[in-house]
Amino acid sequence: QSIHKDLEEKIARFHQREDAILYASCFDANAGIFEALLTPEDAVLSDELNHASIIDGIRLCKANKYRYKHMDMKDLEAKLQDAQKHRLRLVATDGAFSMDGDIAPLREICQLAEKYNALVFIDECHATGFLGPNGRGTDELLGVMDKVTIINSTLGKALGGAAGGYTTGPKPLIDLLRQRSRPYLFSNSLPPAVVGSASKALDLLMESNAIAQSMAAKTQRFRSKMTAAGFTISGKDHPICPVMLGDARLAAVMAEDMLNRGIYVIGFSYPVVPKGKARIRVQISAVHSDEDIDRCVEAFTEVGRKHGALP
Ligand code: PLP
């Protein structure tokens, strides 16, 4: 419908790209792109901790596959050198990684891509709508909006619609996806109500950067107060704040005690994260007030002392 076309145009404008194509989810966008773009003569270089949907999308294509160590630029460079024998190279990475709240070194990745004539693809599900001064994402945060070729992202996380995904980038690429991307061709498009809510969310973000700025301030408030209280928070400047505890049982009982105090945070342990790296993942939202954040830090401090996570 025309509302779908309008939303595609709005997404492209938001990301300052030429065109965009909608999918029912970002999982579908990731399933469709690699197979449509890459042939057996090409190569894809993927961060070892990329999201499952990127891994599955890459499995569906016949390109030569390289997996580089998580955010390790030396390893990426070695793999890019090896991949020079192929026709085309595509580096694929999450812009922000959800388990540790860490952000891909996109400046370095783009420099290497330039040096070795590669394209850069980022999955912005954990960045769209809140990272960067205007919430454009990791490429805006790190000043490489003109260097990243392809963005896939979701309408279902920060944009609040609970469903929907897209690819945005150069027009010829989007034209190709409309002809060749299987989840686009062989699946229903988004329900109109979801299109309406995503469109409104983008309007709010494009009218003013107040939401993105307030997310950054709240994230900073939580991270610095928790660190001062003696906790270790993984990652940097990301509203996903993993409170690192190590022990799986400690993470579970502390999360339960936090819930008893009315604070909904989730304990993660093996096999979702590596052994010995159990944590409670806190997600800061734009609707939290400063008082909410302070109450959360106080509750963590109390619960942490009770269970011996703090002295
Ligand atoms: N990519 C990343 C990095 C994600 O975290 C997710 C969702 O968890 C997806 C893709 C899939 O997004 P969607 O829920 O729109 O299918």
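Residues numbered from 1 in each chain as written. Predicted model: local features only at pLDDT ≥ 70, side-chain atom pairs only at ≥ 80, totals over all residues. Heavy atoms only, no water.

- As recorded in an unreviewed UniProt entry, the protein goes by the name 2-amino-3-ketobutyrate coenzyme A ligase, mitochondrial, listed as coming from Jacana jacana.
- The Catalytic activity (unreviewed entry) field of the UniProt record for the protein holds the comment "glycine + acetyl-CoA = (2S)-2-amino-3-oxobutanoate + CoA". (UniProt positions renumbered as here; feature names shortened; annotations may be inferred.)

**Structural notes on the overall build of the protein**
In step 1: Within the protein, the regular secondary structure consists of 12 helices and 13 strands.
In step 2: The dimensions of the protein, computed from C-alpha atoms along their principal axes, are 60 × 45 × 35 Å.
In step 3: The contacts of the protein with a sequence gap of at least 6 include a subset with a gap of at least 24, amounting to 68%.
In step 4: Working note: accessible area of the protein is about 14200 Å², and carbon and sulfur atoms make up 52% of it.
In step 5: A distance of 3 Å separates the average location of the 38 positive side-chain charges in the protein from that of its 39 negative side-chain charges. (Helix = DSSP H or I, 4+ residues; strand = E, 2+ residues; numbered from the N terminus. Contact = heavy atoms within 4.5 Å. Areas by Shrake-Rupley, 256 points an atom, 1.4 Å probe, with all protein chains shown as cover. Lys, Arg positive; Asp, Glu negative; His and termini not counted. Charge placed at Lys NZ, Arg CZ, Asp CG, Glu CD.)

**Some remarks on the packing of helix 1 (residues 2-15) against helix 9 (residues 192-207)**
In step 1: At a closest axis distance of 10 Å, the pairing of helix 1 and helix 9 adopts a crossing angle of 30°. Judged by the inter-axis angle, helix 1 sits roughly parallel to helix 9. In the crossing of helix 1 with helix 9, the sense of the turn from one axis to the other is left-handed. Where helix 1 abuts helix 9, its residues Ile3, His4, Leu7, Lys10, Ile11, Arg13 and Phe14 lie against Pro192, Val195, Ala198, Ser199, Leu202, Asp203, Leu205 and Met206.
In step 2: Looking at the contact of helix 1 with helix 9 residue by residue, the class counts come to 10 nonpolar, two polar and three charged. (Axes fitted to C-alpha atoms, helices over the stretch in contact; angles between N-to-C directions. Parallel < 35°, antiparallel > 145°, perpendicular 65-115°, else oblique. Left-handed = near helix turned anticlockwise from the far one by under 90°. Nonpolar A, V, L, I, M, F, W, Y, C, P; charged D, E, K, R; others polar.)

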